[in-house]
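Residue strings, one per chain:
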Amino acid sequence: GLQHAGAYNVIITVNGSPSDPVTTIVAINALPHPDFDFNNACFGETNYFTDQSTVEPPTSAITTWSWQFGDGQQGAGPNQEHVYGNVGDYNVVLTTSTGFNQCTRSISQTVTVFSSADVDAGSDITIPNGWETQLDGQVGGGSGDYDLIWEPQNLLVDPTELDPATVPLSAT
C-alpha cells in the first residue's frame, strides 16, 4: 500500500496489456484512535466524558467528535457533560473523524447510572452544653456500599459511622 500522500503514476494491466501511464493524486488521511474516560454517577448527577483519542500520525488532528449517549441524546465536541433521565446501563459511542470525514472510527463503553440513596439524619434534638449524644442516621435504597460522612466532622467522634457519637458540645 501507499505510505505517503502525493502524485503517483498508475499503469493498469488488463489481460497482459498495460495502459498508458496516468498520473493520479493520492490523499492519505490520518487515522483516528477514539478513546474516552468517564465517571459513573448517581441518578440526577452529571456524567463527564473526556476525550482521550489519539491520531496516527500524531502531527495530524481529529476534526470531528460525535457522541451517542445511549438514551437517544447526542453531543459534538471533544468533551461532554450529560445527565441521564433514568437509572441503568447506557452504551456510549464516540465517533472521531479526521480530514473531511475521510477516516472515521468509533468506540463504545458502558456507563452505569446508579440509583441515589435515601438518607435521613434523624429527628432534631437539643443537646445541653457540655453533653454528648448518639445520632440516629438511616440510609437505604440506592446501589449499596455506602460511604458516609456527617458534617460538621469536627463535632463527631467518627463522622463515617451511621450512628456517630458527638464530642462534648459547647455553646458558641
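Our structure's up above, just so we're on the same page.
Keep in mind it's a predicted model, so treat the numbers as computed, not measured.

> How should the overall build of the protein be read in this particular structure?
Of regular secondary structure, the protein possesses zero helices and 16 strands. In terms of overall size, the protein is more extended than a compact globule, its C-alpha atoms giving a radius of gyration of 29 Å where 172 residues would be expected to give roughly 16 Å. With the principal axes as the frame, the protein shows a C-alpha extent of 105 × 30 × 20 Å. The buried share of the protein, taken over its 172 residues, is 22%. Counting contacts in the protein only where the partners sit at least 6 residues apart, residues at least 24 apart contribute 49% of the total. For the protein, the computed accessible surface area is about 11400 Å², with 50% contributed by carbon and sulfur atoms.

> Would you mind showing me how to read the sheet that holds strand β11 (residues 74-76) here?
Where strands meet in a sheet, backbone hydrogen bonds hold them as pairs that are either parallel or antiparallel. Strand order in the open sheet formed by five strands is β7-β14-β13-β10-β11, with mixed pairing between adjacent strands. Whereas interior strands pair on both sides, the edge strands pair on one side only; in this sheet they are β7 (41-42) and β11. Where strand β13 (residues 88-98) meets strand β14 (residues 103-114), eleven bridges bridge the pair, whose relative direction is antiparallel. Counted as the bridge partner of S97 is T104 from β14.

> Looking at this structure, I do not really get the packing of aromatic side chains. What am I missing?
A ring pair, where both rings are aromatic, is described by two values, the distance of the centres and the angle of the planes. Taken as a whole and judged by the stated rule, the model has eight aromatic pairs. Between the aromatic rings of F36 and W67, the centroid separation amounts to 5.1 Å while the plane-to-plane angle is 70°, which identifies the pairing as edge-to-face. Taken together, the residues F36 in strand β6 (residues 36-38) and W67 in strand β10 (residues 62-68) connect sequence positions 31 residues apart. Like W67, F36 is buried. With a centroid separation of 5.3 Å and 45° between ring planes, the pair formed by F49 and F69 is classed as tilted. You can see F49 sitting in strand β8 (residues 47-51) and its partner F69 sitting in the loop between β10 and β11, a full 20 residues away along the chain.

> For this particular structure, what's the right way to read the sheet that holds strand β12 (residues 79-82)?
Taken in spatial order, the three strands make up an open sheet running β6-β8-β12, and their pairing is antiparallel. Because the sheet does not close on itself, it has two edges, and the strands there are β6 and β12. Strand-to-strand twist of the sheet, defined as the mean angle between neighbouring strand axes without regard to direction, takes the value 15°. In the sheet, β6 pairs with β8 via three bridges, with the strands oriented antiparallel. Along β8, the bridge assignment pairs F36 with D51.

> Just checking my understanding: could you explain the side chain of H82 for this structure?
Topologically, H82 is positioned in strand β12. On the basis of relative accessible area, H82 is assigned to the buried category, the value being 9%. When neighbours within four sequence positions are excluded, H82 is seen to be in contact with E45, T46, N47, F49, F69, D71 and Q73.

> So what exactly am I meant to see when it comes to the nonpolar core here?
Among soluble globular proteins, nonpolar side chains are generally buried collectively. Within the largest apolar cluster, ten residues are counted, these being F36, F49, W67, F69, Y84, Y90, V92, L94, V111 and V113. Looking at this core, the elements with two or more residues in it are β13 and β14. Per-element tally for this core: the top contributor is β13, with three residues. When near neighbours in sequence (up to four residues on either side) are disregarded, Y84 contacts F43, N47, F49, F69, D71, Y90, V92, V111 and V113.

> What exactly am I supposed to notice about unusual backbone geometry here?
Leave glycine aside and you will find that most residues have negative phi; peptide bonds, for their part, are mostly trans. In this model, E56 is joined to P57 through a cis peptide bond whose omega is 5°. Within the secondary structure, P57 is located in the loop between β9 (54-56) and β10. Residue P152 follows E151 across a cis peptide bond; omega there is -5°. Residue placement: P152 occurs in the segment after β16 (138-141).

Calculation rules
- Positions within a chain are numbered from 1, following the residues in the order the chain's sequence is written.
- Totals for whole chains, interfaces and linings use every residue, but because this is a predicted model, local features are given only for residues with pLDDT of at least 70 and side-chain atom pairs only at 80 or more, for both listing and counting.
- Processing note: side-chain calculations cover all non-hydrogen atoms of the structure and skip hydrogens and water entirely.
- Secondary structure follows DSSP: runs of H or I at least 4 residues long count as helices, runs of E at least 2 residues long count as strands, and numbering of each begins at the N terminus.
- To get the radius of gyration, use the C-alpha atoms; to get the globule rule, take the number of residues to the power 0.38 and multiply by 2.2 Å.
- Accessibility here uses a 1.4 Å probe with only protein chains present; expressed as a share of the type maximum, an area under 20% marks a residue as buried, one over 50% as exposed, and anything in between as partly exposed.
- A contact between two residues is defined here by any heavy atoms of the two lying within 4.5 Å.
- For every accessible area listed, the method is Shrake-Rupley and the probe measures 1.4 Å; residues are considered covered only by the protein chains on display.
- Pairing between strands is defined by DSSP: at least two bridges between the two strands are required.
- Working definition: rings of Phe, Tyr and Trp (its six-membered ring) pair if their centres are within 6.5 Å, and the pair is stacked with planes under 30 degrees apart, edge-to-face with planes over 60 apart, and tilted otherwise.
- Between N-to-C directions, angles cover 0 to 180 degrees, with each direction set by a line fitted to C-alpha atoms, over the stretch in contact for helices.
- The nonpolar core is taken to be a set of buried Ala, Val, Leu, Ile, Met, Phe, Trp, Tyr and Cys residues, with the residues joined through side-chain atoms within 4.5 Å.

On their own, these measurements won't tell you what the molecule is for.
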